[in-house]
Amino acid sequence: MMKRSGFWSAFALAAVLSGPALAEGETADTVMATVNGTKITLGQMIALKESLPPEYQSLPDDVLFKGIYDQLIQQEVLAQSVKDLGPRATATLDNEKRGYISGLAIDGIVKEAVTDAALQKAYDDRFKDAKPQTEYNAAHILVATQEEADALKAELVGGADFAELAKTKSTDTGSGANGGDLGWFGLGMMVKPFEEAVVGAKVGEVTGPVQTDFGFHLILVKETRIAEKPTLDQLRDELASQVENAAITAKIAELTTGATVTREGEALDPTLLKNSALID
């Protein structure tokens, strides 16, 4: 098949030629050309146009028309010159057709499944038994050894300023520049030993040293609060994905149950997939 990139690069430099004016009443089945009895339709031209990269989509209409028109005719002439596709080409075409049509089926399932009502139900189901979650506003000082952490904690007990020590001593340069501030976070966002220390800490008191894979932490929990429940709009994409996956899985199960499926090759040696010679 002709390489599209080479074809269009040459074509884009060609002189602008006027495309034919279309009469009223044209349909997708309108025959635009016939090559040895094989029809090329307006629908095929439109489909090819929609598959082109954006840089070609923006070409003038008459230039784009002629390019697509000529390309489809040339492709058909070339396609007809191949008398024996062979097993590899036949298998590839079968797979592409199967994949494209199954994609259309999935699009239909998703369109039917993802409704405002379905999203609202998924949202309600997620939070109907959810318990209030606590969020923490904390800061930390990270150092390499327990000895360093113990020494810094002694300074803090003696009245040193936590934020100033974080700026000068913490190896976590990201938070250290902000006085060790980590902002607000909920459960599951920090490594387990750090999270456990935060949950057990008293607000306003320094906890630690706490060892993690990053080093030794001194932790100051500044505030806690009950996290606000996210809105449906904030979770819309996530919920839509959840609804889509559930609908697709259910539909495939339904269709598979209703189909006659025999698995003749299931017990064959999996290494057969490496035998490319079978389709040469």
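Summary of the structure given here. All of these numbers come straight from a predicted model, not from anything done at the bench. (Residues numbered from 1 in each chain as written. Predicted model: local features only at pLDDT ≥ 70, side-chain atom pairs only at ≥ 80, totals over all residues. Heavy atoms only, no water.)

Our focus in this paragraph is the pairing of strand S5 (residues 206-212). As defined by bridge partners, S5 adjoins strand S6 (residues 215-226) across 5 bridges and the pair is classed as antiparallel. The partner of Val 210 across the bridge, within S6, is His 217. Adjacent in sequence and paired antiparallel, S5 and S6 are bridged by 2 residues. (Pairing = 2+ DSSP bridges. Helix = DSSP H or I, 4+ residues; strand = E, 2+ residues; numbered from the N terminus.)

For helix H5 (residues 86-113), spanning 28 residues, the distance from its first C-alpha to its last is 41 Å, which sits close to the expected 40 Å at 1.5 Å a residue. Looking at H5, one finds that the buried residues are Gly 86, Ile 109, Val 110 and Ala 113. (Expected span 1.5 Å × (residues − 1). Buried < 20%, exposed > 50% of the residue type's maximum accessible area, 1.4 Å probe, protein only.)

Residue Pro 209 follows Gly 208 across a cis peptide bond; omega there is 10°. Tracing the backbone shows Pro 209 in strand S5.

For the rest of this paragraph, the subject is the environment of Lys 66. With respect to the helices and strands, the residue Lys 66 is situated in helix H4 (residues 61-81). Between the C-alpha atom of Lys 66 and that of Glu 223, which follows or precedes it by 157 residues, the distance is 68 Å.

Glancing now at the layout of surface pockets. Where empty space is left becomes clear once a probe the size of a water molecule has been rolled over the atoms. Its boundaries defined by the atoms lining it, the second largest pocket holds a volume of some 330 Å³. Every residue lining the second largest pocket is listed: Leu 93, Glu 96, Lys 97 and Tyr 100. Of the residues assigned to the lining of the second largest pocket, the class counts are 2 nonpolar, no polar and 2 charged. (1 Å grid on protein atoms, 1.4 Å probe; cavity = no way out; pocket = protein on both sides within 12 Å on 5 of 7 lines; lining within 4 Å. Points joined across faces, edges and corners; volume = space filled by probe spheres on them. Nonpolar A, V, L, I, M, F, W, Y, C, P; charged D, E, K, R; others polar.)

Moving on, we come to the environment of Ala 177. Among the secondary structure elements, Ala 177 is positioned in the loop between helix H9 (173-176) and strand S4 (181-185). C-alpha of Ala 177 to C-alpha of Lys 167: the two residues are 10 residues apart in sequence and 5.2 Å apart in space.

Time to look at the packing of helix H6 (residues 116-127) against helix H11 (residues 236-258). Where H6 contacts H11, the two axes come as close as 9 Å, and the packing angle between them is 100°. Between H6 and H11, the interaxial angle falls into the category roughly perpendicular. Counting all contacts with H6, which are made through Asp 116, Ala 118, Leu 119, Ala 122, Tyr 123 and Arg 126, the residues of H11 involved are Arg 236, Glu 238, Leu 239, Ala 240, Gln 242 and Val 243. Each residue belonging to the contact of H6 with H11 can be placed in one class, and the counts come to 7 nonpolar, 1 polar and 4 charged. (Axes fitted to C-alpha atoms, helices over the stretch in contact; angles between N-to-C directions. Parallel < 35°, antiparallel > 145°, perpendicular 65-115°, else oblique. Contact = heavy atoms within 4.5 Å.)

Functional significance is not addressed by these values, which are geometric in nature.
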